[in-house]
Structures are given as structure tokens and as C-alpha cells.
Amino acid sequence: PQGVRLVELGPGRGTLMRDLLRAAAPMRTSATVHLVDVSDALTRVQQEALAASTWDIAWHRSFDEVPDGPLLLVANELFDALPVRQFVRAGAAWHERLVDADEHGRFRFVRSPQPSPAAALLPPEVREHANANAVAEVSPDSVALAARIGERVVRRGGGALVIDYGATVFAARDTLQAVAGHRRHEVLADPGMADLTAHVDFALLARAATQAGA
């Protein structure tokens, strides 16, 4: 159909979209390209990478800014970079894992003193059946984004391809990690100097999208 929105969320250095546009050449007269990124620096890199393109390309700060129309969306290693909330089971209750500082000013993980009502964000399969001292995590931003994408696909047609590291079943797990120089790094050491990432809960993304009708 006319007016297709070819969208990439978190397009990095623009390499994937550059390749994708070569493969999508037959769509040139019916589609427009939309890159969604919150980084000014990466946006400039993407603009340079796609400078020779003859496609109609626009940049946006959020998915909600992408104009209405049929959607073909790709997100490669985007959801693993969205923030997670972690919870630790103590008895029948879940306490949130928080960040504190010790007497020397070094960051450390602590548990919330009281059970956290935010644990309701966890899927019931995890919240009710996890073992004692289990760690579970959820990404509210990921769930919300998957729901918005699903709603858009249902309403206007199209599809979305999400490529990432993660699992396809609900489970309690601690996957939060930091990477610096292609090596594992202490999560709370050198804030701002390492990439923080967590495995994607594809089961939760699928549930959010299907509940939106996709």
C-alpha cells in the first residue's frame, strides 16, 4: 500500500538501514523512512551514513512521532538497552533491588526495606512461583513500547521484527550486566563509561503485543 512507514528503532550507526534500503528498492515510490533515536551524536552518524540515499528519510525522538500509516518496523538490539526494574523474593514478598552508596561513596545494590508494590509488574507465572531469594526483572518501557507497536500494526497493518538476546519463556532471572571494551564490567563501577544491558523477555513483549490485538 501507499504511505508505508519503514521504521528502525535505535538505528545505531545506520548500517542496517543502509543495507535494508538497498533490499527495499522496489518500495522506493510507496514508502518513507523513519529513524527513531534519542542520541544527537548517533543521529549525526546516521545522517552521514545515509547521505547518498534518495529515499525520503526523517528522524524522530520517539516511536509516537512516526506519522500514521502502514508499518514495517525493525529493532535490532534496542530492547536490551531499555531500563529494567529488579526484584528479590523474600518469603512470599518481593523487594525491589535499589542502588545506594556506601560510606566511601561507592555505589552498591540494596533491597527496599518493605515489599514493593511495583512487583505487580512481574508476570504472575514469575511472581507466584519463583523460588526463595530469586531475582526477577521487568522492563516497563519495553512492555509499553511493544504494546504501542502492536496497536499500530493492528490498526494500520504491517509487521515488526525484533532482534535481540533473550528468552521466550517467563522465568525469574538476573541478566543485568555491563560491557566495556567488549568485556564484562562491574555494573555499578564507572557509571556512564560502560554499556548497561539486560536480556529481553520475549514472552512479555509478545504478551503486550497480543493484548493490543497483534
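Residues numbered from 1 in each chain as written. Predicted model: local features only at pLDDT ≥ 70, side-chain atom pairs only at ≥ 80, totals over all residues. Heavy atoms only, no water.

Engineer: Mind laying out the pattern of salt bridges, listing which residues take part and the relevant values?
Structural biologist: Enumeration according to the criterion identifies 12 salt bridges in this entry. A salt bridge links Arg152 to Asp68; the shortest N-O distance between them is 3.6 Å. Pair noted here: Arg152 is in helix H4 (residues 140-156) and Asp68 is in the loop between strand E3 (57-60) and strand E4 (71-76), with a separation of 84 residues, a long-range link. Here the residues in one salt-bridge network are Asp68, Glu151, Arg152, Arg155 and Arg156, joined through shared partners. (Salt bridge = Lys/Arg side-chain N within 4 Å of Asp/Glu carboxyl O. Helix = DSSP H or I, 4+ residues; strand = E, 2+ residues; numbered from the N terminus.)

Engineer: Before we move on, could you go through the side chain of Asp164 and cite the residues and values that matter?
Structural biologist: The topology assignment puts Asp164 in the loop between strand E9 (158-163) and strand E10 (166-167). For Asp164, which is buried and forms no salt bridge, the nearest opposite charge comes from Arg173, at a distance of 13 Å. For Asp164, the side chain forms a polar contact with the main-chain nitrogen of Leu78, separated by 3.3 Å. Polar contacts involving the side chain of Asp164 include one to the main-chain amide nitrogen of Phe79, which spans 3.2 Å. Apart from the residues lying within four places of it in its own chain, the contact partners of Asp164 are Glu77, Leu78, Phe79, Asp80, Val200 and Phe202. (Buried < 20%, exposed > 50% of the residue type's maximum accessible area, 1.4 Å probe, protein only. Lys, Arg positive; Asp, Glu negative; His and termini not counted. Polar contact = N/O pair within 3.5 Å; in protein donor to acceptor, adjacent residues only side chain to side chain. Contact = heavy atoms within 4.5 Å.)

Engineer: Describe the environment of Gly10, and please don't skip the residues or the numbers.
Structural biologist: If you trace the backbone, Gly10 turns up in the loop between strand E1 (4-9) and helix H1 (15-23). For Gly10, a relative accessible area of 23% corresponds to the partly exposed category. Separated by 65 residues in the primary sequence, Gly10 and Ala75 have C-alpha atoms spaced 6.6 Å apart. Non-local contacts of Gly10, meaning those with residues more than four positions away in its chain, are made with Val36, Asp37, Asn76 and Leu78.

Engineer: Can you explain the sheet that holds strand E7 (residues 107-111)? Please cite residues and give values.
Structural biologist: Judged by pairing direction, the sheet is antiparallel, and its four strands sit side by side in the order E7-E6-E5-E8 without closing on themselves. Whereas interior strands pair on both sides, the edge strands pair on one side only; in this sheet they are E7 and strand E8 (135-138). For this sheet, the mean inter-axis angle between neighbouring strands, taken without regard to orientation, is 35°. Here four bridges tie strand E5 (residues 85-90) to strand E6 (residues 93-101), and the two strands are oriented antiparallel to one another. (Pairing = 2+ DSSP bridges. Axes fitted to C-alpha atoms, helices over the stretch in contact; angles between N-to-C directions.)

Engineer: I'd love a proper account of the pairing of E4, names of residues and values included.
Structural biologist: Looking down a regular strand, the side chains alternate between one sheet face and the other. Pairing of E1 with E4 involves five bridges; the strand directions are parallel. Residue pairing in the sheet places Leu9 in a bridge with Ala75 of E4. Bridging between E4 and E9 involves six bridges; their strand directions are parallel. Residue pairing for E9: Leu73 is matched across the bridge by Ala160.

Engineer: Which residues make up the packing of H4 against helix H5 (residues 202-211), and what are the values?
Structural biologist: It is at 7 Å that the axes of H4 and H5 come closest, and there the two elements cross at 40°. Of the possible angle classes, the one that applies to H4 and H5 is oblique. Between H4 and H5 lies a crossing of right-handed hand. Contact residues: Ser142, Val143, Ala146, Ala147 and Gly150 in H4; Leu204, Leu205, Ala208 and Ala209 in H5. Of the residues contributing to the contact of H4 with H5, the split by class is seven nonpolar, two polar and no charged. (Parallel < 35°, antiparallel > 145°, perpendicular 65-115°, else oblique. Left-handed = near helix turned anticlockwise from the far one by under 90°. Nonpolar A, V, L, I, M, F, W, Y, C, P; charged D, E, K, R; others polar.)

Engineer: Now, about the sheet that holds E1: what can you tell me, with residues and values included?
Structural biologist: Think of a sheet as strands paired side by side through backbone hydrogen bonds, with each pair either parallel or antiparallel. Ordered in space as E3-E2-E1-E4-E9, the five strands form an open sheet in which the pairing is parallel. Unpaired on one side and paired on the other, E3 and E9 mark the two borders of the sheet. Averaged over all pairs of adjacent strands, the angle between their axes in this sheet comes to 15°, without regard to strand direction. Of the pairings in the sheet, the one linking E1 to strand E2 (residues 31-36) comprises six bridges and is parallel in character. Bridge assignment links Leu9 to a residue of E2, and that residue is Val36.

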